[in-house]
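As a plain string of letters, each chain reads:
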Amino acid sequence: MEMREQWRSRWGFVLAAAGSAVGLGNLWGFAYRASEGGGAAFLLLYILIVLVVCLPVLVSEMVLGRGTSSSALVAPVKAAGSKWSWMGWLFVIAPLGIGSYYAVLMGWTLDTFLHSLFFALPANTAEAETFFGSISTGSSVLLGQLISLLLTASVVSAGVRGGIERMSKWGVPILFTLLIVLALWAATLTGTWEGYRTFLFKIDISEFFNPSTIRNAFTQAFFSLSLGIGIMIAYSSYLDRKKQLPKEALAVASIDTAVGLLAGMITFPIVMSFGLKEVITGSTVGTLFISLPTGLGTLGLTGRIVAVLFFALAYIAAITSSISLLEVPVSSLMDKFAWSRSKAVFVSTSLLFILGIPSALSLDFLGKVDSIFGGVLLIFGGFMLAIFLGWVVPRKFDEDLASSNSNLSVRRYLKFMLRWVSPPVIAFGLIVSVIDLFQSWSS
Ligand code: PFF
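Residues numbered from 1 in each chain as written. Predicted model: local features only at pLDDT ≥ 70, side-chain atom pairs only at ≥ 80, totals over all residues. Heavy atoms only, no water.

Student: Lay out the confidence of the model for the protein chain in plain terms, naming residues and giving numbers.
Tutor: Per-chain confidence: the protein chain averages 91 in pLDDT, with 97% of residues scoring 70 or above. Of all helices and strands in the protein chain, the one with the weakest mean pLDDT is helix H12 (residues 277–281) (61), whereas helix H15 (residues 341–361) scores best (97). (pLDDT = per-residue confidence, 0-100. Helix = DSSP H or I, 4+ residues; strand = E, 2+ residues; numbered from the N terminus.)

Student: So what's going on with the site of the ligand? Which residues, and what values?
Tutor: By nearness alone, 15 residues border the ligand, and Ala21, Gly25, Tyr102, Phe223 and Ile229 come closest of all. Phe223 is positioned with one of its backbone polar atoms (N or O) 2.8 Å from a nitrogen atom of the ligand. In the model, a nitrogen atom of the ligand is placed 3.2 Å from a nitrogen or oxygen of the Ser224 main chain. Most atoms of the ligand, that is more than half of them, are within 2 Å of grid points of the largest cavity. Of all elements in the fold, only helix H1 (10–21), helix H2 (24–68), helix H4 (85–118), helix H9 (211–224) and helix H14 (300–337) reach the threshold of two or more residues within the shell around the ligand. With 3 residues, H2 is the single largest residue contributor to the shell around the ligand. A per-class count over the shell around the ligand returns 8 nonpolar, 7 polar and no charged. (Near = heavy atom within 4 Å. Polar contact = N/O pair within 3.5 Å; in protein donor to acceptor, adjacent residues only side chain to side chain. 1 Å grid on protein atoms, 1.4 Å probe; cavity = no way out; pocket = protein on both sides within 12 Å on 5 of 7 lines; lining within 4 Å. Sits in = over half its atoms within 2 Å of the grid points. Nonpolar A, V, L, I, M, F, W, Y, C, P; charged D, E, K, R; others polar.)

Student: Help me get a handle on empty space enclosed by the protein, residues and values and all.
Tutor: The method is simple in principle: a probe with the dimensions of a water molecule rolls over the atoms, and the space it marks as empty is what remains. One pass over the full model with this rule turns up 3 cavities of 30 Å³ or more. Approximately 120 Å³ is the volume found for the largest cavity. Lining the largest cavity are 16 residues, with Ser20, Tyr102, Phe223, Ser226 and Leu325 sitting closest to its centre. When contributions to the lining of the largest cavity are tallied by element, the ones reaching two or more residues are H1, H2, H4, H9 and H14. No other element matches H14, which puts 3 residues into the lining of the largest cavity. Broken down by class, the residue content of the lining of the largest cavity amounts to 8 nonpolar, 8 polar and no charged. As for the second largest cavity, its lining consists of Gly99, Tyr102, Ala103, Met106, Ser148, Leu149, Thr152, Ser322, Leu325, Leu326 and Leu352. Of all elements in the fold, only H4, helix H6 (138–157) and H14 reach the threshold of two or more residues within the lining of the second largest cavity. It is H4 that provides the largest number of residues to the lining of the second largest cavity, a total of 4 residues. (Points joined across faces, edges and corners; volume = space filled by probe spheres on them.)

Student: Describe in detail a nonpolar patch on the surface, supporting the description with residues and values.
Tutor: Residues Leu44, Ile203, Ile205 and Phe209 make up a contiguous nonpolar surface patch of roughly 440 Å² in combined accessible area. Looking at the element boundaries, Phe209 is found in the loop between helix H8 (192–201) and H9. (Patch = residues over 30% accessible without salt bridge, like charges linked within 9 Å, V, L, I, M, F, W, Y side chains within 5 Å. Areas by Shrake-Rupley, 256 points an atom, 1.4 Å probe, with all protein chains shown as cover. Salt bridge = Lys/Arg side-chain N within 4 Å of Asp/Glu carboxyl O.)

Student: So, the pattern of salt bridges: which residues are in play, and what are the values?
Tutor: Counted according to the given criterion, the structure contains 12 salt bridges. A salt bridge links Glu194 to Arg197; the nearest nitrogen and oxygen atoms lie 3.8 Å apart. Note that Glu194 and Arg197 are positioned in helix H8 at a spacing of 3 residues, about one turn of the helix. When its relative accessible area of 42% is taken as the criterion, Arg197 is described as partly exposed. Among the salt bridges present, the one from Asp398 reaches Lys415, with a minimum N-O distance of 3.1 Å. With Asp398 in helix H17 (residues 394–403) and Lys415 in helix H18 (residues 408–442), the pair connects residues that are 17 residues apart, well separated along the chain. Exposure remark for Lys415: the relative accessible area of 21% places this residue in the partly exposed category. (Buried < 20%, exposed > 50% of the residue type's maximum accessible area, 1.4 Å probe, protein only.)

Put into structure tokens, the structure is as follows:
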């Protein structure tokens, strides 16, 4: 068997992991979840969950990958024996589920980008809805999905260093720069403060107890960090022993949260300035693709330039995430069956395309798959990781962090959180989310 690849540099890993984290979840998911009415309560819960609950789980997912030098499918078995093989399968099925509809969202993004670049922006909401209807149905959506998968596959088949690391190293900095430029531009709009206030700062205490806000905050935290489904296991399996994982985890979480907030500072002023609150509170998964082009459409050339930049940025963000979703099944097939990278890429990409067809053809189906795979399953994966490293193989956690010289008090803090805080809090989030999900389906 070939030697396992390794990242070229520390930043290569951090940027690849941050590239996975930063994606449509930050740009599209954050906008539509924050707009569902939680306001500042949603934002605070989301940040609190990231800092208190997700960080220790992120470190533990990294420990599992590095400690076993194995893909997500194999790592739990290597760490604790064959009775944990189901957890490995969970970590392969979940990214396949997410990857299937993620490519559909990427297709919409690509279409909107191309349309903004070559044609015109919609003149009003009705036109935007018609446009969204045309890109989210029929053969054009399948084409967008296919192109996005092929692009993703081409990066992943070039390998860890030559593909994933290289793509992330230029993609993430470009993305950050574009975001800052656009956020500065959005700060000059007339509805800016109203936008920040309505969606990000307005605090309504009762929202802290609203099950939908709680579900949204948990989902956003796990989805946005790409946490709980084996991605960080796969990426960390290419790490050497020297890196201090708590530091890397903090860097990834900080970049991801900053991007989420920056994205909100772009989308919400636009929504407010152009009186699109009704469109966005209609909150479907298509929100961003309708409200943003409509708002920008009223600004003439400037609006068009902003739209082109925004959707280009969203597409770059999406690719650095979709490569991580594909890398999980690819590395698992390579590990388990000793397949070549190209064979594993071919099989996994074909599977993703087929699994994504129902989501491509039905918005309703896409929404459901998103709430199961991109929601409760992810939270469940996070819960299992906390139990696994906190209780089943706690020595692995200790030894790994000690061997890379992580600070003792940081280690103690993380271990305590992983054992005593993350499991009950995530269990609570999971139960609330499942109940809320069923209620939303039955209403
Ligand atoms: N974190 C990425 C985003 O926010 O768009 C996408 C993603 C990748 C979500 C992997 C979930 C996941 F497991």
